[in-house]
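What follows is the residue order along each chain.
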Amino acid sequence: MSPTVEGSAHTSAPSAAVLAAYSYCEAVTGSQARNFAYGIRLLPSDKRQAMSALYAFSRRVDDIGDGTLAPGAKLARLEETRALLGRIRAEEIDEDDTDPVAVALAHAARRFPIPLGGLDELIDGVLMDVRGETYETWDDLKAYCRCVAGAIGRLSLGVFGTVHTGGLGADAARAAEYADTLGLALQLTNILRDVREDAANGRTYLPAEDLAKFGCSDGFADERLPAGADFAGLVHHEVRRARALFVEGYRLLPLLDRRSGACVAAMAGIYRRLLDRIEREPEAVLRGRVSLPPHEKAYVAVRGLSGLDARTISRQSTRRRS
C-alpha cells in the first residue's frame with residue numbers, strides 16, 4: 001500500500017489576481033531569504049507559493065521589529081499586522097485586495113491546513129525583541145525561539161503535510177513537535193551566526209548564565225574580547241545544544257513526502273553546515289556573517305532531493321525503536 005499524505009491542497013486553480021500576489025511573495029522571498037528560497041525551489045508550485053506567502057508575511061513582521069521606528073510605533077504596527085492576520089483568518093480578504101501578501105496568504109490558508117496561530121506567536125516573539133527582553137537561561141531563550149522559529153516549523157508543516165505509513169504512525173503524531181524542534185535548531189544557529197550583528201543593534205540572545213560561565217557577559221560589540229573570555233568555549237557549548245536539536249528535529253524527514261522532505265533537508269542541511277563552520281572557527285562570527293558558497297548549497301540540495309538524509313534518519317529512528 002502506498003503512503004497517503006495528510007494536508008494536501010484542495011482548492012481550484014488560483015485566479016490571475018492570486019497568481020500575481022503569489023509572484024510578489026516569491027520575489028520577496030528570492031531577494032530577502034536566499035537559504036529559504038533555495039530550499040523551497042524543490043517543492044511543487046502550489047507548496048512553493050504557499051511557503052512564499054508565509055515567508056512574505058513573516059518578513060513583514062520581522063522588518064517591523066528590526067526597523068528604525070520608535071518602539072511605540074513598532075508596537076502599533078505589530079498590532080495592525082495582528083489585526084490583518086485576524087482578517088485573513090476570518091476569510092475577509094478579497095482577491096482584489098491591494099495587499100498582495102494578504103491575498104496570497106489568505107489563498108494559501110484555504111488551500112492548506114495552515115495553523116495561522118503560529119503567526120500570532122511570531123508577532124509575540126517580535127514584541128519581545130521590541131521590548132528589549134533578554135534571557136537568563138536556555139529555557140527562557142527556548143520560549144522565544146519557539147515563537148520566532150518553532151512556530152514557522154509548525155506553519156510549514158501545514159503546507160507540507162505528513163506521509164502516513166504503517167510503521168511511522170506514532171512518530172507522525174509527533175510531526176509538529178519535530179518541526180518545532182528543528183525550528184529551534186535553525187534559530188540557535190542563526191543566533192550564533194549573527195551574534196556580532198545583534199550586538200551592534202543592542203540585542204543579546206544567548207542566555208546570560210552561559211555568557212557568565214564563559215566570561216563573555218560584556219557582550220560582543222567588537223572583535224576584541226575581555227581578558228579571560230572563553231568565546232570558543234561558549235560557541236562550542238551552544239553548538240552542542242544546536243546539534244542535539246537537529247538530531248531530534250531531523251526525525252521529521254521520514255514523515256514528509258519526497259519533495260517536502262528534500263526542501264526541509266536542504267534548508268536544515270545548509271544551517272548544519274553553517275554550524276560546522278562556526279564550530280571550526282568560532283571567532284569568524286565576530287568578524288562578519290558566515291555563509292556557504294552556492295556550490296555547497298547545491299550539494300546540500302542534491303542530498304536532500306536524493307532522500308539520503310531522510311533514509312539515514314529513518315534507519316536511526318528504526319534502530320532506536322527496536
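What comes next is a walk through the structure. (Residues numbered from 1 in each chain as written. Predicted model: local features only at pLDDT ≥ 70, side-chain atom pairs only at ≥ 80, totals over all residues. Heavy atoms only, no water.)

## Topic: the overall build of the chain
Counting its regular elements, the chain contains 16 helices and two strands. The buried share of the chain, taken over its 322 residues, is 51%. Relative to all contacts within the chain whose residues are 6 or more apart in sequence, the contacts with residues 24 or more apart total 75%. Within the structure as shown, the chain displays about 14400 Å² of accessible surface, and the carbon and sulfur contribution to it stands at 51%. (Helix = DSSP H or I, 4+ residues; strand = E, 2+ residues; numbered from the N terminus. Buried < 20%, exposed > 50% of the residue type's maximum accessible area, 1.4 Å probe, protein only. Contact = heavy atoms within 4.5 Å. Areas by Shrake-Rupley, 256 points an atom, 1.4 Å probe, with all protein chains shown as cover.)

## Thoughts on empty space enclosed by the protein
Scanning the model with the defined rule gives one cavity of 30 Å³ or more in all. Volume-wise, the largest cavity comes out at about 70 Å³. For the largest cavity, the full set of lining residues is I191, V195, D198, A199, R203, T204, Y205, L206 and F220. Top contributing element to the lining of the largest cavity by residue count: helix α10 (residues 195–200), with three residues. Of the residues assigned to the lining of the largest cavity, the class counts are six nonpolar, one polar and two charged. (1 Å grid on protein atoms, 1.4 Å probe; cavity = no way out; pocket = protein on both sides within 12 Å on 5 of 7 lines; lining within 4 Å. Points joined across faces, edges and corners; volume = space filled by probe spheres on them. Nonpolar A, V, L, I, M, F, W, Y, C, P; charged D, E, K, R; others polar.)

## A short note on the pattern of salt bridges
One pass over the structure, following the stated rule, counts 25 salt bridges. Across the pair D180 and R146 runs a salt bridge, and its minimum N-O distance is 1.9 Å. Taken together, the residues D180 in helix α9 (residues 175–193) and R146 in helix α7 (residues 138–160) connect sequence positions 34 residues apart. Residue classification places D180 among the buried residues on the basis of a relative accessible area of 5%. One salt-bridge network, in which partners are shared between bridges, spans E79, R82, R89, D120 and D124. (Salt bridge = Lys/Arg side-chain N within 4 Å of Asp/Glu carboxyl O.)

## Observations regarding the packing of aromatic side chains
Note on aromatic pairs: each is described by the distance of the centres and the angle between the planes. Scanning all chains against the criterion turns up five aromatic pairs. Measuring from centroid to centroid gives 5.4 Å for Y135 and Y144, while their planes differ by 35°, and the two rings are tilted. Across this residue pair, the class does not change: Y135 and Y144 are buried. With a centroid separation of 6.2 Å and 75° between ring planes, the pair formed by F246 and Y250 is classed as edge-to-face. The exposure class of F246 is buried, given its relative accessible area of 2%. Taken together, the ring pairs connect Y135, Y144 and Y205 into an aromatic cluster. We note R272 situated over the ring of Y250; from NZ or CZ to the ring centre the distance is 4.9 Å. (Phe/Tyr/Trp six-rings, centres within 6.5 Å; stacked < 30°, edge-to-face > 60°. Lys NZ or Arg CZ within 6 Å of the ring centre and 35° of its normal.)

## Concerning the packing of α7 against α9
Across the interface, α7 lies against α9 with an axial gap of 7 Å and an inter-helix angle of 120°. Taken together, α7 and α9 sit at an angle that is classed as oblique. In this structure, α7 crosses over α9, and the sense of that crossing is right-handed. Residues of the contact of α7 with α9, tallied by class, amount to 14 nonpolar, four polar and four charged. (Axes fitted to C-alpha atoms, helices over the stretch in contact; angles between N-to-C directions. Parallel < 35°, antiparallel > 145°, perpendicular 65-115°, else oblique. Left-handed = near helix turned anticlockwise from the far one by under 90°.)

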